[in-house]
Amino acid sequence: MPLRPTARPRLSDQVIDQLRGLVAAGEWPVGTRIPTEPALVAQLGVGRNTVREAVRALVHAGLLDVRQGDGTYVRATSELDAALARRLERSSALETLEVRAPLEREAARLAALRRDDRDRAAIAAALRERHALRPTGDLEAFVAADLRFHRAVVAAAHNGLLAELYEHLMTAFEALLHRTEAGVPEDPGVGEGHTALAAAIDAGDPVAAEAAAAALLAAARAHTVQVLRAGEASA
């Protein structure tokens, strides 16, 4: 098969690649507003039409969201993240928990086998913060601490693909926590489950870690069902 001349990439494609790279690298985190069109034109040294075409392409891909009169915001870090976000919007709370369970059980098992001193310190610090914030009533801070704990456990598994898949579900988990934890006492099994999970990982016991994760998730599921049903009954 003879070689053929390679087409030169369009200018707009080069701009798309640059913007996508900034989003993927976290330079523009999810939820932040990107620079205005004039600012992008000046920084990139291209015309307005090129910038508009690039932004439209990333909006279509689900990475950006144009809010009329407000600006353009980062919606997702990748096409996979965007697709999962759209799918999760149609998922029930229980569906989300059912998908979360096997990921966290495997993360716990691997974390017990692979954690290093830095991982152990991160998990312990997040656990202390979580327990300290639960009684304060500061829901935003508590949810952030809870997610830091689970992220630390997943990070300790040292599996990049597992961490990426888990991160794609974080938005749904965060929304669910806000729905089920506001003004509601914590189920004792949930609090104790976090402690048991951290201890098993620290001890390097994969069997105990997986069992602790399973027990924690079962308690969280029961708590979620109870809170959601109570909300439906009072509606």
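All figures in this text were calculated on a predicted structure; none of them were measured in a lab.

Some words on the overall build of the chain
Item 1. What the chain contains, in helices and strands, is eleven helices and two strands.
Item 2. Ordering the α and β elements of the chain from the N terminus gives α-α-α-β-β-α-α-α-α-α-α-α-α.
Item 3. Taking the contacts inside the chain whose residues are at least 6 apart along the sequence as the reference set, 70% of them involve residues at least 24 apart.
Item 4. Total accessible area on the chain is roughly 13,100 Å²; 55% of this is exposed by carbon and sulfur atoms.

So, the packing of aromatic side chains
Where two aromatic rings form a pair, the distance of their centres and the angle of their planes describe that pair.
Item 1. Tallying each qualifying case throughout the model produces zero aromatic pairs.
Item 2. Seen from the ring of Tyr73, Arg67 lies directly overhead, with NZ or CZ sitting 3.9 Å from the centre.

Digging into the pattern of salt bridges
Item 1. For the structure shown, the criterion picks out 14 salt bridges.
Item 2. Here Asp65 ties to Arg67 by a salt bridge, and the two come within 3.5 Å at their closest N and O atoms.
Item 3. Since its relative accessible area comes to 37%, Arg67 is described here as partly exposed.
Item 4. A single salt-bridge network, built from bridges that share partners, covers Arg10, Asp13 and Glu53.

Thoughts on the nonpolar core
Item 1. In terms of nonpolar packing, the biggest core is built from 21 residues, with Ile123, Phe149, Val153, Leu197, Ile201 and Ala209 touching the most fellow members.
Item 2. Every element with two or more residues in this core is listed here: α5 (93–114), α6 (117–133), α7 (139–156), α10 (188–203) and α11 (206–234).
Item 3. The biggest single contributor to this core is α11, with six residues.
Item 4. Residues in contact with Leu197, not counting those within four places in the same chain, are Ala108, Phe149, Val153, Ala209, Ala212, Ala213 and Leu216.
Item 5. Formed by 17 residues, the second largest nonpolar core is a distinct cluster that contains Ile34, Leu40, Leu58 and Val74.

Looking at the side chain of His194
Item 1. Tracing the chain through its elements places His194 in helix α10.
Item 2. Here the side chain of His194 touches His150 through a polar contact of 3.0 Å, side chain to side chain.
Item 3. Once you skip the residues sitting within four places of it in the chain, His194 turns out to touch Leu127, Arg130, His131, Asp146, Phe149, His150 and Leu216.

Focus: the packing of helix α2 (residues 37–44) against helix α3 (residues 48–61)
Item 1. Running from N to C, α2 and α3 point in directions that differ by 110 degrees, and their axes come no closer than 9 Å. With respect to each other, α2 and α3 are oriented roughly perpendicular. Remark: the crossing between α2 and α3 carries right-handed chirality. Residue-level contacts link Glu37, Pro38, Leu40, Val41 and Leu44 of α2 to Arg48, Val51 and Arg52 of α3.
Item 2. Residues that form the contact of α2 with α3 fall into these classes: five nonpolar, no polar and three charged.

So, the pairing of strand β2 (residues 71–74)
Item 1. One ladder, built from four bridges, connects strand β1 (residues 64–67) with β2; its direction is antiparallel. Opposite Leu64, over in β2, you have Val74 as the bridge partner.
Item 2. Linking two consecutive strands that pair antiparallel, namely β1 and β2, is a turn of three residues; a positive phi of about 80 degrees is found at Gly69 within it.

Re the environment of Ala209
Item 1. Following the sequence through the fold, Ala209 ends up in helix α11.
Item 2. Sequence separation between Ala209 and Ala111 is 98 residues; the distance between their C-alpha atoms is 8.2 Å.
Item 3. Residue contacts for Ala209: discarding those within four places in its chain leaves Ala108, Ala112, Leu197, Ala200 and Ile201.

Things to note about a nonpolar patch on the surface
Item 1. A surface patch of nonpolar side chains, amounting to about 270 Å² of accessible area, comprises Leu80, Leu161 and Leu165.
Item 2. Relative to the assigned elements, Leu161 resides in helix α8 (residues 160–168).
Item 3. Judged by relative accessible area, Leu161 falls into the exposed class, the value being 58%.

Rules of the game
Residues numbered from 1 in each chain as written. Predicted model: local features only at pLDDT ≥ 70, side-chain atom pairs only at ≥ 80, totals over all residues. Heavy atoms only, no water. Helix = DSSP H or I, 4+ residues; strand = E, 2+ residues; numbered from the N terminus. Contact = heavy atoms within 4.5 Å. Areas by Shrake-Rupley, 256 points an atom, 1.4 Å probe, with all protein chains shown as cover. Phe/Tyr/Trp six-rings, centres within 6.5 Å; stacked < 30°, edge-to-face > 60°. Lys NZ or Arg CZ within 6 Å of the ring centre and 35° of its normal. Salt bridge = Lys/Arg side-chain N within 4 Å of Asp/Glu carboxyl O. Buried < 20%, exposed > 50% of the residue type's maximum accessible area, 1.4 Å probe, protein only. Core = buried A, V, L, I, M, F, W, Y, C linked by side-chain atoms within 4.5 Å. Polar contact = N/O pair within 3.5 Å; in protein donor to acceptor, adjacent residues only side chain to side chain. Axes fitted to C-alpha atoms, helices over the stretch in contact; angles between N-to-C directions. Parallel < 35°, antiparallel > 145°, perpendicular 65-115°, else oblique. Left-handed = near helix turned anticlockwise from the far one by under 90°. Nonpolar A, V, L, I, M, F, W, Y, C, P; charged D, E, K, R; others polar. Pairing = 2+ DSSP bridges. Patch = residues over 30% accessible without salt bridge, like charges linked within 9 Å, V, L, I, M, F, W, Y side chains within 5 Å.

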